[in-house]
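Remarks on the overall topology
Residue strings, one per chain:
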Amino acid sequence: VLSFLNKVVIEMKVSDMFWRIFEAVKYRLKNSLNKSKFDYYCRKYNVVCGQSVTMTNGCPQIECLNSSKIIIGNNVSFMSYGSTSWYCNNKIRCRNGGVIEIPDFVGINGGAIICSGTKITIGKHVHIGGGTLIIDSDFHSTNYLERRDPLRDCPCAKIKPVCIEDDVFIGTHVIIGKGVHIGARSIIAAGSVVIRDIPSDCIAGGNPCKVIKQIK
């Protein structure tokens, strides 16, 4: 009996070791494929990309149209996931001459969307939570007659640049609208809707987002 149990234990250890190796190889292969896909996007849309950009479990979807520009710095991390939850691939979309700047040491979690029609500037060491939406446009006109005409709707939408300074921490499911400026080192609480400027060194939250307290 002891001999049989020892044999079973050995087989279980071998099986466990095999699956660990299999998962490690699959993980590396998947990340390698994601990096190849990301490089393809960069070449296709002339994205300016720095060194040591990493992707975990998925490749961000990039689209850069009509003389727009996307600039990605060094050591940027994209935490994408290929599921149907908010942990899905990041989306970075630039159109109509817009500019998106993602500098060094920025971390972007799954499902975040950054979409620009004019300019979105993100500072260094910024953390962006999953499901966050950053936009610099209303995308549609406020005039109902213009909204009825597809050729006039989007061109008549209001646009204003967005600026997020260094070391800002943005929680999950935050919406940052056009014209917003968030000061350095501030923290935006999860689920906030930011439609006005937020000063530096504070914790802010709510809908609409407002300062809760200063960070000392």
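Predicted model only: the values in this text are computed from it and were never measured.

Looking only at helices and strands, the protein features three helices and 20 strands. Taken against the 2.2 N^0.38 rule, which gives 17 Å for 216 residues, the C-alpha radius of gyration of the protein at 22 Å runs more than 25% over that of a compact globule. Relative to its 216 residues, the protein shows a buried fraction of 38%. A separation threshold of at least 6 residues defines the contact pool for the protein, and within that pool the share at least 24 residues apart is 34%. Approximately 12,300 Å² of the protein is accessible, and the part contributed by carbon and sulfur atoms is 58%.

Here the focus is the sheet that holds strand β11 (residues 127-128). Spatially, the eight strands line up as an open sheet ordered β2-β5-β8-β11-β14-β17-β19-β20, and their pairing is mixed. Single-partner strands in this sheet number two, and they are β2 (54-56) and β20 (210-214). Judged from the two bridges that link them, strand β14 (residues 169-170) and strand β17 (residues 187-188) form a sheet pairing that is parallel. Pairing of isoleucine 170 across the sheet is with isoleucine 188, part of β17.

With that settled, the discussion passes to the side chain of threonine 132. Its location among the elements puts threonine 132 in the loop between β11 and β12 (133-135). Judged by its relative accessible area of 1%, threonine 132 falls in the buried class. A polar contact is formed between the side chain of threonine 132 and the backbone oxygen of glycine 171, at a distance of 3.1 Å. The residues touching threonine 132, leaving out its near neighbours within four places in the chain, are Gly111, Ala112, Ile113, Ile170, Gly171, Thr172, His173 and Val174.

All chains considered together, the criterion is met by two aromatic pairs. On the numbers, 6.1 Å between centres and 45 degrees between planes, the contact of phenylalanine 38 with phenylalanine 78 is tilted. Of the two residues, phenylalanine 38 is situated in helix α1 (residues 2-45) and phenylalanine 78 in strand β5 (residues 77-79); the sequence distance between them amounts to 40 residues. Judged by its relative accessible area of 0%, phenylalanine 38 falls in the buried class. Here the aromatic rings of tyrosine 40 and tyrosine 41 are separated by 6.1 Å at their centres, their planes lie at 45 degrees, and the arrangement is tilted.

As a further point, take a nonpolar patch on the surface. A contiguous nonpolar surface patch, about 300 Å² in accessible area, is contributed by Met17, Ile21 and Val25. If you trace the backbone, valine 25 turns up in helix α1.

Burial of nonpolar side chains together is a common tendency in soluble globular proteins. Counting residues in hydrophobic clusters, the biggest one holds 41 residues, and the most contacted among them are Ile164 and Ile176. Counting residues per element, the ones that place at least two in this core are α1, β3 (61-64), β4 (69-72), β6 (91-94), β7 (99-102), β10 (119-122), β13 (162-164) and β19 (202-205). Broken down by element, this core gets its largest block of residues, four residues, from α1. Not counting residues within four places of it along the chain, the set of residues in contact with isoleucine 176 comprises Leu133, Ile134, Ile135, Val162, Ile164, Ile170, Ile182 and Val194.

Definitions and cut-offs
Residues numbered from 1 in each chain as written. Predicted model: local features only at pLDDT ≥ 70, side-chain atom pairs only at ≥ 80, totals over all residues. Heavy atoms only, no water. Helix = DSSP H or I, 4+ residues; strand = E, 2+ residues; numbered from the N terminus. Rg over C-alpha atoms; globule rule 2.2 N^0.38 Å. Buried < 20%, exposed > 50% of the residue type's maximum accessible area, 1.4 Å probe, protein only. Contact = heavy atoms within 4.5 Å. Areas by Shrake-Rupley, 256 points an atom, 1.4 Å probe, with all protein chains shown as cover. Pairing = 2+ DSSP bridges. Polar contact = N/O pair within 3.5 Å; in protein donor to acceptor, adjacent residues only side chain to side chain. Phe/Tyr/Trp six-rings, centres within 6.5 Å; stacked < 30°, edge-to-face > 60°. Patch = residues over 30% accessible without salt bridge, like charges linked within 9 Å, V, L, I, M, F, W, Y side chains within 5 Å. Salt bridge = Lys/Arg side-chain N within 4 Å of Asp/Glu carboxyl O. Core = buried A, V, L, I, M, F, W, Y, C linked by side-chain atoms within 4.5 Å.

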